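# Commentary on secondary and tertiary structure
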Amino acid sequence: YGSDPNYLNTTAYNWIRNCNYFLAKVEAGNLPDKDELAGECRFLRAYYYFDLVRKYGGMPIISQEQSFTGSNLTELQVPRNTEDSVFEFIGDQLDSAASELPASWNAANSNRATKWAALALKSRAMLYAGSIAKYNPVQLNGLVGIPAGKAEAYYNKSIEASKQIMDSNRFALYTKYY
């Protein structure tokens with residue numbers, strides 16, 4: 001049931017809702033590090049959407065907090081977006097995250113997302129989207145698949161994100177043993 005890879009993971013939308021709630025509250029607050037916190041939250045939201053789009057194709061993009069009041073059910077029923085638009089959303093979120101996140105954290109915060117993690121996830125997501133565009137047909141009016149003409153653009157976005165990481169000279173391949 002829960003460990004079945006084909007099982008619809010609806011908890012991802014709980015996490016996305018938590019991200020939307022947090023982003024709404026942190027923007028209104030006056031925390032000294034609110035840009036970094038918002039960047040981490042955008043990174044997580046992009047990660048959750050990347051997980052969903054890889055499994056199910058186009059999913060509803062919900063970027064604002066939703067609340068059920070008892071009479072607004074139809075307002076909360078958001079239709080699926082195309083797979084292409086979900087990947088565009090992921091790329092935009094990761095661009096924002098990379099601009100807001102620091103290049104590194106101190107040792108006590110070493111498990112937190114950095115600018116480089118956001119760029120690495122962007123590179124991976126855009127490479128994935130480019131491969132879908134190049135090798136898979138568009139089906140269900142774009143809910144599954146990406147137009148083939150967009151493959152090169154996605155590949156270029158992947159290359160650009162990877163190039164930023166490589167040009168930083170902060171990382172290198174391990175060469176001690178081969």
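Residues numbered from 1 in each chain as written. Predicted model: local features only at pLDDT ≥ 70, side-chain atom pairs only at ≥ 80, totals over all residues. Heavy atoms only, no water.

### Remarks on the pattern of salt bridges
Taken as a whole, this structure holds 11 salt bridges when the rule is applied. Among the ionic pairs, K55 bridges to D51, the shortest N-O distance being 3.2 Å. Linking K55 with D51, this pair stays in helix α2 (residues 34-56), spanning four residues, or about one helical turn. By relative accessible area, which is 14% here, D51 ends up buried. Linking D167 and K163 is a salt bridge whose minimum nitrogen-to-oxygen distance equals 3.1 Å. Taken as a pair, D167 and K163 lie in helix α6 (residues 151-167) at a separation of four residues, close to a single helical turn. (Salt bridge = Lys/Arg side-chain N within 4 Å of Asp/Glu carboxyl O. Helix = DSSP H or I, 4+ residues; strand = E, 2+ residues; numbered from the N terminus. Buried < 20%, exposed > 50% of the residue type's maximum accessible area, 1.4 Å probe, protein only.)

### Topic: the packing of helix α4 (residues 83-100) against helix α5 (residues 115-135)
A pair of packed helices is captured by two measures, namely the crossing angle of their axes and the spacing between those axes. Between α4 and α5, the least distance of the axes is 9 Å, while the angle of their chain directions is 165 degrees. With respect to α5, the axis of α4 lies roughly antiparallel. Classified by chirality, the crossing of α5 by α4 is left-handed. Contact with α4, carried on its side by E83, F87, I90, G91, L94, D95, A97 and A98, involves K115, A118, L119, L121, K122, A125, M126, Y128, A129 and I132 of α5 and no other residues of that element. Of the residues assigned to the contact of α4 with α5, the class counts are 13 nonpolar, one polar and four charged. (Axes fitted to C-alpha atoms, helices over the stretch in contact; angles between N-to-C directions. Parallel < 35°, antiparallel > 145°, perpendicular 65-115°, else oblique. Left-handed = near helix turned anticlockwise from the far one by under 90°. Contact = heavy atoms within 4.5 Å. Nonpolar A, V, L, I, M, F, W, Y, C, P; charged D, E, K, R; others polar.)

### Thoughts on the side chain of E83
Considering the arrangement of structural elements, one finds E83 in helix α4. Buried and unpaired, E83 has no salt bridge, with R80 as the nearest side chain of opposite charge at 7.2 Å. Within the structure, E83 has its side chain in polar contact with the backbone nitrogen of G145 (distance 2.5 Å). Filtering out sequence-adjacent residues up to four positions away, E83 remains in contact with V53, G57, G58, I132, G142, L143, V144, G145 and I146. (Lys, Arg positive; Asp, Glu negative; His and termini not counted. Polar contact = N/O pair within 3.5 Å; in protein donor to acceptor, adjacent residues only side chain to side chain.)

### A few points about the packing of aromatic side chains
Tallying each qualifying case throughout the model produces 10 aromatic pairs. With a centroid separation of 6.3 Å and an interplanar angle of 70 degrees, the aromatic rings of F50 and F87 are classed as edge-to-face. Within this pair, whereas F50 is found in helix α2, its partner F87 is found in helix α4, the two being separated by 37 residues in sequence. Ring plane angle 75 degrees and centroid distance 6.3 Å describe the contact between W116 and F171, whose orientation is recorded as edge-to-face. Separated by 55 residues along the polypeptide, W116 in helix α5 and F171 in the segment after α6 bring together distant segments of the chain. Under the relative-accessibility criterion, F171 is labelled partly exposed at 49%. (Phe/Tyr/Trp six-rings, centres within 6.5 Å; stacked < 30°, edge-to-face > 60°.)

### Quick word on the packing of α2 against α5
It is at 11 Å that the axes of α2 and α5 come closest, and there the two elements cross at 20 degrees. Here α5 runs roughly parallel to α2, going by the angle between their axes. Considering the relative orientation of α2 and α5, their crossing is left-handed. Contacts between α2 and α5 involve F43, Y47, F50 and R54 from the first element and A117, A118, L121, R124, A125 and Y128 from the second. Residues of the contact of α2 with α5, tallied by class, amount to eight nonpolar, no polar and two charged.

### A look at the environment of Y177
Within the secondary structure, Y177 sits in the segment after α6. Considered as a pair, Y177 and D167 are 10 residues apart in the sequence and their alpha carbons are 24 Å apart.

### So, the nonpolar core
Grouped together as the largest cluster of nonpolar side chains are 41 residues, with contacts concentrated most on F87 and I90. The set of elements that each furnish at least two residues to this core consists of α1 (11-28), α2, α4, α5 and α6. Element by element, the count of residues in this core is highest for α2, at 11 residues. (Core = buried A, V, L, I, M, F, W, Y, C linked by side-chain atoms within 4.5 Å.)

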